[in-house]
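# Overview (structure and organization)
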Amino acid sequence: MRNLFRSPPVDVFFIRGYAKSGTNWLCNLMNLHPQIACTGEFHLRPLFDSVRAIQTAPWGILSREKQSAFLEDAFYQMVKQLIRDVGGNKRWCGDRTPCSLRSTFVPGVRQLYITRDGRDAVVSWAYHTLNYNFNAGPRMQENLQRFKADPNYFEQHKQDLLACETVVREFASQWNAAIIDDFQMMQSADRAEIDLPYYWIRYEDLLTDARKYRNEIYQFLGLSAAKASPLNALTEPGFGSADTNRPDNFYRRGRAGTWQEYFTAEQLAWFTEEASEALNLVSGKAS
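This one's a predicted model, so the numbers in the text were calculated from it and none came from an experiment.

### Regarding the overall build of the chain
- Scanning the chain from terminus to terminus reveals eleven helices and five strands.
- Here the chain, with 287 residues, has 47% of them falling under the buried criterion.
- Pairs at least 24 residues apart make up 75% of the contacts formed inside the chain by residues separated by at least 6 positions.
- A total accessible area of about 14,200 Å² is found for the chain, and carbon and sulfur atoms account for 51% of it.

Here it is in structure tokens:
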């Protein structure tokens, strides 16, 4: 039985960001610190959606203001305790599910939010669907057959990877909406409208100086960077290995701007038409 009186204080944090934006890399960086356990993806959004549904159910006692607050408090405590238990009660225990800030918002929980140029993200996503045989529509099934026959096919024919306009536009539209919503959440936090302590890091900046930004995040969590282990093959920018250029490797490539090798001018126009606002936001060019 856990000694509740002598246990050290334990808190939780979330790593958030759009899929294929670096949440896994950021998690690996955090785990270099002995006081952090970021154990994986909890995928708790369905639970949050269910709580919101209960709070808005007509005639339900938990939809009343006071009782709804009781439900929220009990649910948030359960979520935090679950992450602590799975993390083994290190000083900080984390959940690195790639999702939006709003979808699993818990007041006061610190958020490490990572963004990546959506054009690099869609290339990474396309390879991810091929490597893990996800059902992403008929066109991606055609690509899958090519990939199975020759994993290097799309490295030799790069501009075939995103040849389907529907696939590119759907990804760009969804990415754009998610990024805009995340930035609205951060802006609400900046105005003190919500209790959302966050640290925003760009994937591209992390590539330029992983140690610097890693240490800043440790400081954000109140930890000493001096206690962390040095970067290794899974945490160095680019993953520290030429082997990551293999198309069938989970750590396929860790660079910025490689989208330019894959996009035709027409494909770039598809993406930009759907996601120009988010592209400006993640680049820091938005007003």
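### So, the packing of helix H7 (residues 165-190) against helix H11 (residues 265-283)
- Two elements in contact, H7 and H11, have axes whose closest approach is 8 Å; the angle formed by their N-to-C orientations is 10°. Taken together, the axes of H7 and H11 are roughly parallel relative to one another. Judged by residue contacts, Glu 165, Val 168, Arg 169, Phe 171, Ala 172, Ser 173, Trp 175, Asn 176, Ile 179, Ile 180 and Phe 183 of H7 engage Gln 267, Trp 270, Phe 271, Glu 273, Glu 274, Ala 275, Ser 276, Glu 277, Ala 278, Leu 279, Leu 281 and Val 282 from H11.

### Topic: the packing of helix H1 (residues 23-30) against helix H9 (residues 210-220)
- Direction vectors running N to C along H1 and H9 enclose 70°, while the axes themselves pass 10 Å from each other. One way to sum up the angle between H1 and H9 is to call them roughly perpendicular. Counting all contacts with H1, which are made through Trp 25, Leu 26, Leu 29 and Met 30, the residues of H9 involved are Ala 210, Arg 214, Ile 217 and Tyr 218.
- Class assignment of the residues belonging to the contact of H1 with H9 gives a composition of seven nonpolar, no polar and one charged.

### Section: the environment of Glu 204
- Within the secondary structure layout, Glu 204 lies in helix H8 (residues 203-208).
- Accessibility expressed as a relative area gives 16% for Glu 204, which makes it buried.
- Dropping the residues within four chain positions of it, Glu 204 is found in contact with Thr 115, Arg 116, Asp 117 and Ala 256.
- Polar side-chain contacts of Glu 204 include one of 2.9 Å to the backbone nitrogen of Asp 117.

### As for unusual backbone geometry
- Positive phi, close to 50°, is recorded for His 43, a residue that is not glycine.
- Mapped onto the elements of the fold, His 43 is located in the loop between strand E2 (36-38) and helix H2 (45-55).
- A positive phi angle is found at Trp 59, which is not glycine, with a value near 70°.
- The exposed category is assigned to Trp 59, whose relative accessible area is 84%.

### A word on H1
- Across the eight residues of H1, eight count as buried, placing the element largely inside the fold.
- For H1, the full list of buried residues reads Thr 23, Asn 24, Trp 25, Leu 26, Cys 27, Asn 28, Leu 29 and Met 30.
- Looking at the packing, one finds that the buried side of H1 touches strand E1 (11-16), E2, strand E4 (110-115), strand E5 (198-202), H8 and H9.

### A word on the pattern of salt bridges
- Here the structure, examined in full by the defined rule, presents 14 salt bridges.
- Glu 165 is the partner of Arg 169 in a salt bridge, and the nearest nitrogen-oxygen pair spans 2.8 Å. Placement of both Arg 169 and Glu 165 in helix H7 is noted, with a separation of four residues, approximately one turn of the helix.
- Residue class for Glu 165 comes out partly exposed when judged on its relative accessible area of 35%.
- Salt bridges linked by common partners bring Glu 165, Arg 169, Glu 273 and Glu 274 together as one network.

About the cut-offs
- Residues numbered from 1 in each chain as written.
- Predicted model: local features only at pLDDT ≥ 70, side-chain atom pairs only at ≥ 80, totals over all residues.
- Heavy atoms only, no water.
- Helix = DSSP H or I, 4+ residues; strand = E, 2+ residues; numbered from the N terminus.
- Buried < 20%, exposed > 50% of the residue type's maximum accessible area, 1.4 Å probe, protein only.
- Contact = heavy atoms within 4.5 Å.
- Areas by Shrake-Rupley, 256 points an atom, 1.4 Å probe, with all protein chains shown as cover.
- Axes fitted to C-alpha atoms, helices over the stretch in contact; angles between N-to-C directions.
- Parallel < 35°, antiparallel > 145°, perpendicular 65-115°, else oblique.
- Nonpolar A, V, L, I, M, F, W, Y, C, P; charged D, E, K, R; others polar.
- Polar contact = N/O pair within 3.5 Å; in protein donor to acceptor, adjacent residues only side chain to side chain.
- Salt bridge = Lys/Arg side-chain N within 4 Å of Asp/Glu carboxyl O.

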